[in-house]
Amino acid sequence: MKRQFGERLLHGADYNPEQWLHDPEVLKQDVQLMKQAGCNVMSIGIFSWAALEPEEGRYQWEWMDQVIQTLHEHDISIFLATPSGARPAWLAEKYPEVMRVASNRQRNLYGARHNHCYTSPIYREKIGQMNQQLAARYAKHPAVRLWHISNEYGGECHCDLCQEAFRSWLQRKYVTLDHLNEQWWTTFWSHTYTDWSQIESPAPHGENATHGMNLDWKRFVTDQTLDFMQHEIAAVKSSNPDIPVTTNFMYYFDGLNYFKFKDAVDIVSWDNYPTWHKRADLDIAIDTAMYHDMMRSIKRQPFLLMESSPSSTNWQSVSKLKKPGMHVLSSMQAVAHGSNSVQYFQWRKSRGSSEKFHGAVVSHDGSPNTRVFQEVTELGRLLHQLSDVADTGRDAQVAIVYDWENKWAIEDSQGPRNIGMGYKEEVQSHYRALVKQGLTVDFVDMECEIDGYKLVIAPMLYMQRAGFEQKLRSFVEQGGTLVMTYWSGIVNENDLVHLGDAPHQLTDVAGIVSEEIDGLYDHEHNRGRVIHHLEGQTLTGEYCCHKLCDQLHLHGAEALMVYTDDFYAGRPVLTRNNFGQGQTYYIGSQFEPSFYDDLYKDLIRQLHIQRPVEAEMPQGVYVTTRSNAKVEYLFVQNFTAEAQAIPALGAEWSAVTRDVDLSRDWTAASFEVLVAKRSLII
Amino acid sequence: MKRQFGERLLHGADYNPEQWLHDPEVLKQDVQLMKQAGCNVMSIGIFSWAALEPEEGRYQWEWMDQVIQTLHEHDISIFLATPSGARPAWLAEKYPEVMRVASNRQRNLYGARHNHCYTSPIYREKIGQMNQQLAARYAKHPAVRLWHISNEYGGECHCDLCQEAFRSWLQRKYVTLDHLNEQWWTTFWSHTYTDWSQIESPAPHGENATHGMNLDWKRFVTDQTLDFMQHEIAAVKSSNPDIPVTTNFMYYFDGLNYFKFKDAVDIVSWDNYPTWHKRADLDIAIDTAMYHDMMRSIKRQPFLLMESSPSSTNWQSVSKLKKPGMHVLSSMQAVAHGSNSVQYFQWRKSRGSSEKFHGAVVSHDGSPNTRVFQEVTELGRLLHQLSDVADTGRDAQVAIVYDWENKWAIEDSQGPRNIGMGYKEEVQSHYRALVKQGLTVDFVDMECEIDGYKLVIAPMLYMQRAGFEQKLRSFVEQGGTLVMTYWSGIVNENDLVHLGDAPHQLTDVAGIVSEEIDGLYDHEHNRGRVIHHLEGQTLTGEYCCHKLCDQLHLHGAEALMVYTDDFYAGRPVLTRNNFGQGQTYYIGSQFEPSFYDDLYKDLIRQLHIQRPVEAEMPQGVYVTTRSNAKVEYLFVQNFTAEAQAIPALGAEWSAVTRDVDLSRDWTAASFEVLVAKRSLII
Amino acid sequence: MKRQFGERLLHGADYNPEQWLHDPEVLKQDVQLMKQAGCNVMSIGIFSWAALEPEEGRYQWEWMDQVIQTLHEHDISIFLATPSGARPAWLAEKYPEVMRVASNRQRNLYGARHNHCYTSPIYREKIGQMNQQLAARYAKHPAVRLWHISNEYGGECHCDLCQEAFRSWLQRKYVTLDHLNEQWWTTFWSHTYTDWSQIESPAPHGENATHGMNLDWKRFVTDQTLDFMQHEIAAVKSSNPDIPVTTNFMYYFDGLNYFKFKDAVDIVSWDNYPTWHKRADLDIAIDTAMYHDMMRSIKRQPFLLMESSPSSTNWQSVSKLKKPGMHVLSSMQAVAHGSNSVQYFQWRKSRGSSEKFHGAVVSHDGSPNTRVFQEVTELGRLLHQLSDVADTGRDAQVAIVYDWENKWAIEDSQGPRNIGMGYKEEVQSHYRALVKQGLTVDFVDMECEIDGYKLVIAPMLYMQRAGFEQKLRSFVEQGGTLVMTYWSGIVNENDLVHLGDAPHQLTDVAGIVSEEIDGLYDHEHNRGRVIHHLEGQTLTGEYCCHKLCDQLHLHGAEALMVYTDDFYAGRPVLTRNNFGQGQTYYIGSQFEPSFYDDLYKDLIRQLHIQRPVEAEMPQGVYVTTRSNAKVEYLFVQNFTAEAQAIPALGAEWSAVTRDVDLSRDWTAASFEVLVAKRSLII
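Residues numbered from 1 in each chain as written. Chains lettered and ligands numbered in written order. Predicted model: local features only at pLDDT ≥ 70, side-chain atom pairs only at ≥ 80, totals over all residues.

1. A word on the interface of chain B and chain C
Move 1: Residue-level contacts link 43 residues of chain B with 49 residues of chain C.
Move 2: Among the elements of the structure, α8 (211-237) and β14 (512-519) of chain B are those that each provide at least two residues to the side of chain B that touches chain C.
Move 3: Ranked by the residues each element gives to the side of chain B that touches chain C, the list is headed by β14(B), at four residues.
Move 4: In terms of residue class, the side of chain B that touches chain C is built from 15 nonpolar, 20 polar and eight charged. (Contact = placed C-beta atoms within 7 Å. Helix = DSSP H or I, 4+ residues; strand = E, 2+ residues; numbered from the N terminus. Nonpolar A, V, L, I, M, F, W, Y, C, P; charged D, E, K, R; others polar.)

2. A few points about the pairing of strand β4 (residues 144-148) of chain C
All names here are of chain C.
Move 1: The buried fraction of β4 is high, at four of five residues.
Move 2: Pairing of β4 with strand β5 (residues 245-246) involves two bridges; the strand directions are parallel. The partner of His148 across the bridge, within β5, is Thr246. (Buried ≥ 20, exposed ≤ 12 C-beta atoms within 10 Å, placed from the backbone. Pairing = 2+ DSSP bridges.)

3. Concerning helix α13 (residues 423-435) of chain C
Residues and elements named next belong to chain C.
Move 1: A rise of 1.5 Å per residue sets the reference length of α13, with its 13 residues, at 18 Å; its end C-alpha atoms lie 18 Å apart and thus fit the reference within 8%.
Move 2: Among the 13 residues that make up α13, 11 are buried, leaving the element largely enclosed by the rest of the structure.
Move 3: Listing the buried residues of α13 in full gives Tyr423, Glu426, Val427, Gln428, Ser429, His430, Tyr431, Arg432, Ala433, Leu434 and Val435. (Expected span 1.5 Å × (residues − 1).)

4. Some words on the interface of chain B and chain A
Interface size is often expressed as the accessible area that is lost when the parts come together.
Move 1: Each partner contributes to the interface: chain B provides 48 residues, whereas chain A provides 44 residues.
Move 2: Elements with a minimum of two residues in the side of chain B that touches chain A: α2 (49-52) and α4 (89-94) of chain B.
Move 3: Taken together, the residues that form the side of chain B that touches chain A break down as 19 nonpolar, 18 polar and 11 charged.

5. Digging into the UniProt feature "domain: Beta-galactosidase trimerisation" (unreviewed entry) in chain A
Move 1: In this structure's numbering, the residues bearing the UniProt feature "domain: Beta-galactosidase trimerisation" (unreviewed entry) are residues 396-609 of chain A.
Move 2: What you have in residues 396-609 of chain A is 24% helix and 31% strand, and the ends, taken at the C-alpha atoms, are 10 Å apart. (UniProt positions renumbered as here; feature names shortened; annotations may be inferred.)

6. What to know about the sheet that holds strand β22 (residues 631-638) of chain A
All names here are of chain A.
Move 1: Strand order in the open sheet formed by four strands is β21-β22-β26-β24, and the pairing between neighbours is antiparallel. Where the open sheet ends on each side, the last strands, each with one partner, are β21 (621-627) and β24 (654-655).
Move 2: Pairing geometry for β21 and β22, over seven bridges, is antiparallel. Looking at the pairing, Thr624 lines up with Phe635 of β22.
Move 3: Contacts from helix α10 (residues 326-336) reach β21, β22 and β26 (673-679), with the element oriented near 145 degrees to β22. (Axes fitted to C-alpha atoms, helices over the stretch in contact; angles between N-to-C directions.)

7. Let's talk about the packing of helix α10 (residues 326-336) of chain C against helix α11 (residues 371-385) of chain C
Residues and elements named next belong to chain C.
Move 1: The N-to-C vectors of α10 and α11 enclose an angle of 40 degrees; their axes lie 9 Å apart at closest approach. Here α10 is positioned oblique relative to α11, judged by the angle of their axes. Relative to α11, α10 is oriented so that their crossing is right-handed. Contacts from His327, Val328 and Ser331 of α10 reach α11 at Glu375, Glu378, Leu379 and Leu382.
Move 2: When its residues are assigned to classes, the contact of α10 with α11 shows three nonpolar, two polar and two charged. (Parallel < 35°, antiparallel > 145°, perpendicular 65-115°, else oblique. Left-handed = near helix turned anticlockwise from the far one by under 90°.)

8. Observations concerning the UniProt feature "domain: Glycoside hydrolase family 42 N-terminal" (unreviewed entry) in chain A
Move 1: Sequence positions flagged by UniProt for "domain: Glycoside hydrolase family 42 N-terminal" (unreviewed entry) are, in local numbering, residues 14-385 of chain A.
Move 2: With 40% helix and 9% strand, residues 14-385 of chain A has its two end C-alpha atoms placed 23 Å apart.

9. What to know about the nonpolar core
Move 1: With 662 residues, the main nonpolar core has A:Val361, A:Val636, B:Val636 and C:Val636 as its most contacted residues.
Move 2: Apart from the residues lying within four places of it in its own chain, the contact partners of B:Val636 are B:Val621, B:Val623, B:Ile646, B:Ala668, B:Val673, B:Leu674 and B:Ala676. (Core = buried A, V, L, I, M, F, W, Y, C linked by C-beta atoms within 7 Å.)

10. A short note on the relation of the copies chain B and chain A
Move 1: It takes a turn of 120 degrees to lay chain B on chain A, together with a shift of 0.0 Å along the axis; the resulting RMSD is 0.0 Å. On the angle and the small slide along the axis, the relation comes out as a three-fold axis. Taking C-alpha positions as the reference, the residue of chain B nearest the rotation axis is B:Gln106, at 6.2 Å. (Least-squares fit on C-alpha atoms with pLDDT ≥ 70 in both.)

11. Overview of the sheet that holds strand β6 (residues 248-249) of chain C
All names here are of chain C.
Move 1: Read across the open sheet, the three strands follow the order β6-β7-β8; overall the sheet is parallel. Whereas interior strands pair on both sides, the edge strands pair on one side only; in this sheet they are β6 and β8 (304-307).
Move 2: Strand direction decides the pairing type here: β6 and strand β7 (residues 269-271), joined by two bridges, are parallel. From the neighbouring strand, Asn248 faces β7, where its bridge partner is Ser269.

12. Points about the pairing of strand β13 (residues 481-485) of chain A
Both faces of the sheet carry side chains from a regular strand, because those side chains alternate between them.
All names here are of chain A.
Move 1: With respect to burial, β13 is a largely interior element, five of its five residues being buried.
Move 2: Side chains of β13 alternate between two faces, with Thr481, Val483 and Thr485 and Leu482 and Met484 buried alike.
Move 3: Across four bridges, strand β12 (residues 455-458) lies against β13 in parallel orientation. Looking across to β13, one finds that Leu455 is bridged to Thr481.
Move 4: For the handedness criterion, the β-α-β arrangement of β12, helix α14 (residues 468-477) and β13 is classed as right-handed.
Move 5: Alignment of β13 against strand β19 (residues 582-587), held across five bridges, turns out to be parallel. By the bridge assignment for β19, Val483 is matched with Tyr585. (Right-handed = clockwise from strand over helix to strand, strands pointing away.)

13. Overview of unusual backbone geometry
Move 1: Across the junction of A:Ala502 and A:Pro503, the peptide omega takes the value -5 degrees, indicating a cis bond.
Move 2: Within the secondary structure, A:Pro503 is located in the loop between β13 and α15 (507-510).
Move 3: Cis geometry is found at the peptide bond from C:Phe345 to C:Gln346, where omega equals -5 degrees.
Move 4: Non-glycine residue C:Arg105 carries a positive phi angle of around 75 degrees.

14. Concerning the domain arrangement of chain A
Residues and elements named next belong to chain A.
Move 1: If you check the domain split of chain A, you get domain 1 (10-86 + 121-155 + 211-390), domain 2 (398-607) and domain 3 (621-679).
Move 2: Summarising the inter-unit geometry, the C-alpha centres of domain 1 and domain 3 are found 30 Å apart.
Move 3: Facing the 17 residues of domain 1 at the interface are 16 residues of domain 3.
Move 4: Only α9 (281-299), α10 and α11 (371-385) provide two or more residues apiece to the side of domain 1 that touches domain 3.
Move 5: With six residues, the single largest contributor to the side of domain 1 that touches domain 3 is α10.
Move 6: Here the residues of the side of domain 1 that touches domain 3 sort into 10 nonpolar, five polar and two charged. (Domains from an automatic or database assignment.)

15. Focus: the packing of helix α9 (residues 281-299) of chain B against helix α13 (residues 423-435) of chain B
Residues and elements named next belong to chain B.
Move 1: Where α9 contacts α13, the two axes come as close as 10 Å, and the packing angle between them is 95 degrees. Taken as axis vectors, α9 and α13 run roughly perpendicular relative to one another. Note on element contacts: α13 touches α9 through Gln428, Tyr431, Arg432 and Val435, opposite Ile286, Asp287, Ala289 and Met290.
Move 2: Class assignment for the residues of the contact of α9 with α13 results in five nonpolar, one polar and two charged.

Given below as structure tokens:
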């Protein structure tokens with residue numbers, strides 16, 4: 001594991017001093033407060049275009065020179081942003097083409113943030129010039145450690161330039177219209193295209209039910225955004241190619257396939273704003289952990305937590321304060337799952353506009369005596385204490401398939417449950433059970449390799465692309481254990497249904513054929529009854545299932561569980577099949593959580609997958625590990641508001657963050673995180 | 001009754017072989033499977049425009065020649081569609097005027113289906129040429145038995161051509177602006193039109209609260225669609241006027257007044273997609289039965305079930321599988337209510353686009369071994385067994401008024417319950433009670449004649465048009481029994497309120513005057529208490545009522561029931577009035593179902609209306625009859641998932657579809673349909 | 001108190017005879033019915049533009065001459081409207097610029113009512129000519145007593161003319177772009193404006209999150225509407241400046257800051273359509289009373305109830321009839337709170353268009369024998385009997401701050417509760433408690449003076465403008481008692497957050513500092529426990545609180561109550577601070593109603609504020625007073641459907657409206673209003 005930023009975990013924030021240039025005292029106070037809070041990095045320049053180039057071609061660097069110099073003097077590193085996330089008013093006024101056109105084909109007016117065309121040559125030219133200038137001036141400054149490319153890329157544009165680009169993209173992909181017509185199945189509804197010029201992007205008042213087109217449009221948007229980003233990166237790398245780049249991703253963002261950014265960024269980073277205390281914190285914690293692990297999995301290396309709020313946000317329905325302890329706990333959760341930083345949006349609250357009440361380290365009172373500032377300071381101390389963690393990564397024996405394009409296809413295609421197929425929820429059901437056992441889980445998409453894992457879980461593999469069915473076949477053949485579910489092996493990468501039995505090309509691997517699938521309303525359920533125990537015997541009795549009920553025929557597999565109700569009572573809902581050296585489990589419905597808990601307890605035992613701690617944790621307490629060749633860190637996280645009795649972890653573990661004997665039972669306080677370590681050198 | 005299609009009930013599907021031209025094996029397999037499933041008719045060409053005319057003026061007939069010939073060779077009839085339901089991309093690209101303009105005045109982009117202007121001369125020219133060519137080539141082919149004109153006509157266009165057509169329509173109707181201004185009451189809000197050119201169709205950002213205009217716009221849309229259809233029909237009839245025409249109607253479709261199509265089509269057909277198993281099937285069955293009877297009533301002759309799903313649909317919120325038995329039962333329900341066919345959308349599932357997961361006879365696996373294919377095959381055998389039913393119709397002694405324009409007016413006018421007036425629900429309350437007694441019910445609209453019925457029920461006759469109040473007066477005068485309800489006799493055909501007492505010109509017929517009406521929230525109710533029994537004495541005690549409470553004054557009638565609550569407790573809510581040789585019942589509120597059950601039991605006895613079976617059926621079991629001069633068929637339909645004990649039907653009934661003695665009590669299985677018959681020749 | 005309309009209370013309606021010109025009998029009948037119902041005023045001409053000017057420049061006065069003359073002959077006064085509320089079709093057709101442009105920048109089509117640009121020079125010219133003609137012809141007619149300027153002004157226009165006007169308005173306000181940029185904090189998101197031309201009004205597809213801009217746009221809309229109204233007024237005053245003017249306001253209308261109309265209208269009037277019987281009438285009564293008092297407070301003189309329904313409305317979700325007694329009660333409630341009139345929309349129901357089923361005095365039957373007409377007649381008699389009330393006003397010792405601009409800012413700014421901050425509800429919590437004690441309450445906005453009140457309540461004073469914080473400081477300093485709440489003193493008039501401690505410049509007056517605020521979901525609550533009693537000892541025990549929980553530090557104040565739950569249990573939620581000669585109470589959360597009841601009982605006693613009647617009224621019975629130097633009227637209003645036992649009011653009160661001895665306990669009937677009086681001359 002190459003160290004990203006030297007011997008420390010990073011602690012910092014988005015910093016927008018251009019809002020305070022009228023009061024030079026603010027910068028001075030800020031630096032003092034940063035040091036007091038244990039901050040060592042600031043992201044600057046994110047929304048500075050108007051401040052850096054107040055009129056076309058006239059640049060203003062002095063204020064940024066001073067900010068960078070001042071931070072550097074105080075040993076605070078800089079993440080320098082390209083300012084493409086929001087453009088100056090003069091640019092929009094002079095070049096209307098830079099503004100986006102919505103799917104209704106109306107061009108936006110100036111305003112908001114993500115509001116520019118990724119195709120526009122003028123926008124590319126202008127941001128290119130800006131980035132080159134930034135790089136020329138600052139890329140060799142010793143404080144500048146990372147390029148923060150733009151901000152939260154997202155959205156799409158339907159202007160004429162984008163229409164042309166989309167058509168070119170399609171021509172490259174399909175070469176002939178015949179091929180496109182066949183893959184999009186346009187003969188349906190007589191939609192055969194006879195000229196490329198007839199194709200328009202999806203529109204509420206035009207074509208929107210040709211799923212193949214919808215998918216390709218989403219892919220095009222990802223590719224065009226990536227292309228725009230690469231244009232930005234080329235500009236900043238022109239002066240110093242050694243500064244790594246990142247761009248900040250968003251929470252389960254559907255608009256872009258983040259796995260496609262894998263090679264374009266040097267480091268993955270993301271912005272994390274959980275709705276703590278809105279529902280059970282132990283559930284929110286799982287949801288957050290899963291995305292941390294997904295971000296880590298994109299490059300299979302530590303990531304950065306680029307934004308978070310030290311207190312409430314201001315865009316949720318209700319802005320709840322983080323209860324005492326939650327700030328440290330939730331920040332350390334990121335570190336536990338592989339982040340090498342904890343950063344905030346933003347350092348100091350703005351005085352006006354839409355985010356003035358968003359949590360920040362320094363509030364409008366400017367005081368370090370606030371509850372929030374104190375918790376940030378406490379975290380600063382802790383991160384400093386845990387500097388060595390920056391040198392560790394996470395290795396997994398289990399991988400779960402989460403594929404953006406599969407999700408797009410599942411959610412866009414009509415039937416069998418238009419009120420919600422629950423792809424993410426299905427994935428999370430498996431993840432939750434594994435994480436509760438303390439396991440490290442990697443996420444892969446269908447373009448990833450899966451060799452080397454003991455267990456691969458592929459929930460709702462509706463779409464098959466990138467030859468993934470072959471990877472699965474060979475994985476099982478060579479001894480791997482595969483878990484599949486209902487609604488798998490249905491369509492190809494263009495949402496064209498495979499002919500023949502489903503799951504396509506995997507009926508022998510799974511040992512079953514799926515004939516049809518029953519949709520259940522939210523108030524309905526069925527049950528699965530265990531008729532054949534696994535070795536571990538944990539999975540037993542009956543479990544509630546809902547949403548979708550696959551109608552299976554055994555095709556070599558044995559039935560482990562059967563439905564109890566409806567006209568398909570007695571038919572299989574969980575099966576196991578031996579194939580080659582390995583095994584495939586097929587789950588025909590979505591079950592209640594205890595099913596996955598019990599199933600995976602059995603599988604973990606059976607597959608000899610090592611858990612970091614053998615003891616069972618109380619509900620809501622999660623253990624997570626990071627390690628390098630020499631040492632393993634254990635993060636015990638209590639996501640409940642109550643103190644919890646923790647069983648002995650074992651004598652090999654020594655507590656790092658407080659004085660407690662972990663070879664005996666001990667008590668974790670409300671929202672406490674405890675870090676322990678053990679040596680891996682025997 | 002003229003036999004529509006010879007000595008058989010039809011069984012078939014929409015068939016779209018143009019989607020499979022790349023694989024000639026598919027057509028071969030299809031024909032084998034059709035024979036296996038007992039299919040004898042296929043609808044083809046519905047979305048074939050692009051396949052038939054891939055570029056302007058260049059036609060491609062070979063594939064259709066072959067399909068028709070192949071089907072014919074296997075004794076499968078053809079319903080040949082005109083392809084106007086969806087247009088080729090080249091047409092939209094070259095002639096943008098064919099695309100619709102939405103009410104917001106934005107022209108649609110190419111896409112979807114119903115997306116063309118019914119007024120456009122170019123669209124009419126192009127479809128006219130296509131239809132003539134189709135007819136010239138195939139109208140005399142012996143397999144072609146029916147023209148399937150377009151597909152599910154619907155929607156509206158607000159383009160300049162349509163605006164002009166609307167103004168011309170208005171000029172024909174009103175002749176002078178003064179007349180229009182008076183009928184639309186435009187002086188209100190100072191909207192007096194002083195030039196025809198000032199009139200624009202209703203718009204969200206323009207006029208939308210002039211109810212007379214809204215109504216006329218809806219009438220214009222019906223008339224313009226009808227005019228377009230007649231243009232299509234003229235083209236196909238040019239080669240062989242003997243082939244009858246139909247167009248497929250939709251479930252309770254509000255956009256077109258289907259009664260206006262009565263004379264333009266030779267046969268009525270419709271597409272039926274109930275949401276079985278979503279709520280109580282016995283309720284869904286009533287709702288479906290009512291529409292079957294409405295379709296039958298339009299021409300008062302057997303209709304065709306043109307589309308249905310042999311399994312689930314894919315556009316509902318949840319795609320539930322039909323439980324075993326439901327496919328046969330629900331298909332036979334159509335036949336019981338007067339259909340001479342059971343047809344599906346579609347024969348074979350598409351591989352792509354928006355309906356790829358819609359139920360079909362042949363699934364993506366191409367196999368006849370599926371549950372669905374087996375049930376279709378079972379139905380095929382049954383329809384074959386019941387061929388003689390094709391020779392029967394249905395005669396009714398009871399008519400219910402259901403008037404599209406009245407519904408439009410009730411729903412558009414503001415007050416007294418903008419959250420839902422419940423016109424359809426009110427109509428269905430009466431229908432349900434009658435159908436539970438096994439009666440055949442006709443539907444009429446206000447342009448129909450009502451002579452010859454014993455009982456006419458006119459729920460919520462808010463609007464009066466076509467002199468219907470005079471038809472009712474004369475019907476009662478001559479001895480008929482009329483049931484009226486609250487919210488009747490309020491406006492004329494242009495939604496202009498009648499001055500004087502309500503119900504307009506019927507206060508003497510009904511013997512009451514309605515002064516005002518109270519709206520109830522959904523959580524509120526009142527009750528009616530019987531103070532005077534009918535002869536049958538079934539109606540007794542108290543019944544819950546809701547939604548609207550009419551405030552009546554007796555004007556000759558006697559009160560049979562009074563309100564129990566609120567400030568109008570003790571005032572009449574059900575009255576009876578003798579007028580001429582007949583009687584009028586007036587119901588002042590919407591009651592719970594048992595009220596209608598009990599009221600109509602009394603009225604049926606009193607009016608000596610014959611029920612096919614005297615015995616009371618268990619809840620959810622409905623009996624329905626079809627007959628000709630010689631024989632009567634009885635369909636006993638169990639719409640519950642449980643077996644039901646059926647009382648003896650009488651020795652005159654002999655079971656056709658299974659071996660059971662109907663002169664004794666017997667058991668109907670879950671979702672079973674049993675067909676019996678008796679001779680009418682004494 | 002100057003008498004507005006002589007020695008009588010007014011009773012009348014909107015009258016639209018132009019809808020009935022085709023039937024001269026109607027006018028004759030109307031006048032007879034008006035006399036029968038005790039009506040003495042009619043508002044005419046509101047939607048008469050098309051009838052008065054059927055084509056450009058051609059006027060038609062005869063019908064209006066006759067209406068005015070006929071009414072005058074029957075001693076019925078006229079409120080003469082300017083017809084700008086709806087324009088003729090010819091005007092929209094010839095001059096499209098008069099039609100509004102929506103925020104999406106689409107220009108409306110002709111239709112509806114409020115659909116014209118307030119900036120358009122042509123619209124101003126045309127309405128100016130019309131108004132001048134109206135005034136020239138009728139302003140000196142003895143029947144004409146008031147100008148009813150337009151109708152329910154509202155809405156906004158985004159056309160290019162309005163954009164220019166907005167920019168000019170901004171230039172006048174800010175002078176320099178630097179100033180605007182600073183106050184709008186445009187550096188955030190790089191939105192710095194470098195040319196005035198870059199500014200566009202808020203748009204869904206443009207800028208909409210710059211709160212300072214949003215606020216200024218709302219202010220501009222108020223100012224432009226006011227400017228348009230003043231243009232209208234100048235035209236009508238040209239002929240006879242002595243006729244007073246009003247314009248009818250709407251229920252809690254957010255679109256216009258009605259306090260800004262204070263000097264432009266001579267009399268305030270409003271249109272009142274409560275949803276009686278939808279929820280508890282005693283709550284609806286408080287809500288309505290509060291707005292009556294707000295309307296009275298704008299000019300601190302009697303107002304007019306310009307519109308109401310004698311029965312149901314037709315635009316609510318359900319049109320409920322007013323139960324017997326409610327019409328008189330609700331009408332008298334307006335009088336009790338300061339109205340000198342009870343007027344209806346409308347006199348006679350229209351036959352067509354959108355409001356044909358809106359309640360009116362005369363229904364479509366044209367009969368005076370209806371329940372509604374009888375109740376109107378009964379009210380007419382009562383108003384006649386109470387003529388002297390017209391000579392009375394209302395004086396208050398308590399003022400509540402309700403500031404339109406503060407409300408705009410609270411609702412627009414994001415966080416801490418985007419699902420609803422509840423400004424109006426918070427204000428009403430205080431008002432309810434005071435009104436239940438029979439007190440008269442004035443409303444003030446921040447531009448008003450507050451000297452002379454004993455108690456000023458300033459709920460959620462988020463925004464500070466017009467130097468109001470200084471007015472509060474000086475008010476308390478000089479001995480006043482101030483009640484403040486959470487979310488106060490946060491931003492300046494442009495929604496720019498104050499730096500330093502909150503509440504800005506009032507931390508010494510309140511004796512507390514607010515550090516942060518916790519948002520609660522609707523299902524959450526906390527509690528406040530009294531730890532220090534007030535003198536009256538009514539406030540005691542615990543009270544539930546919700547929505548928002550302020551986190552306070554004492555800064556001189558004493559804690560009277562503390563939170564019981566969450567991590568801030570034990571911290572202050574109600575405090576009291578002595579400042580100068582006065583006191584400030586600070587309430588940190590929103591409490592259940594009993595808290596305000598108990599708190600204000602204590603404060604009323606402590607501050608020696610006089611209640612009109614010492615006895616406690618039953619729940620739902622409210623007492624309200626009007627007085628002049630000589631006499632005080634007491635209105636006892638039973639807003640429950642049950643009879644209520646009323647304690648003795650005291651020997652000094654004599655009943656006016658029925659014969660009852662008020663020195664003893666007596667019974668108020670369901671929905672009864674009783675009026676009593678006492679002499680103030682000792």
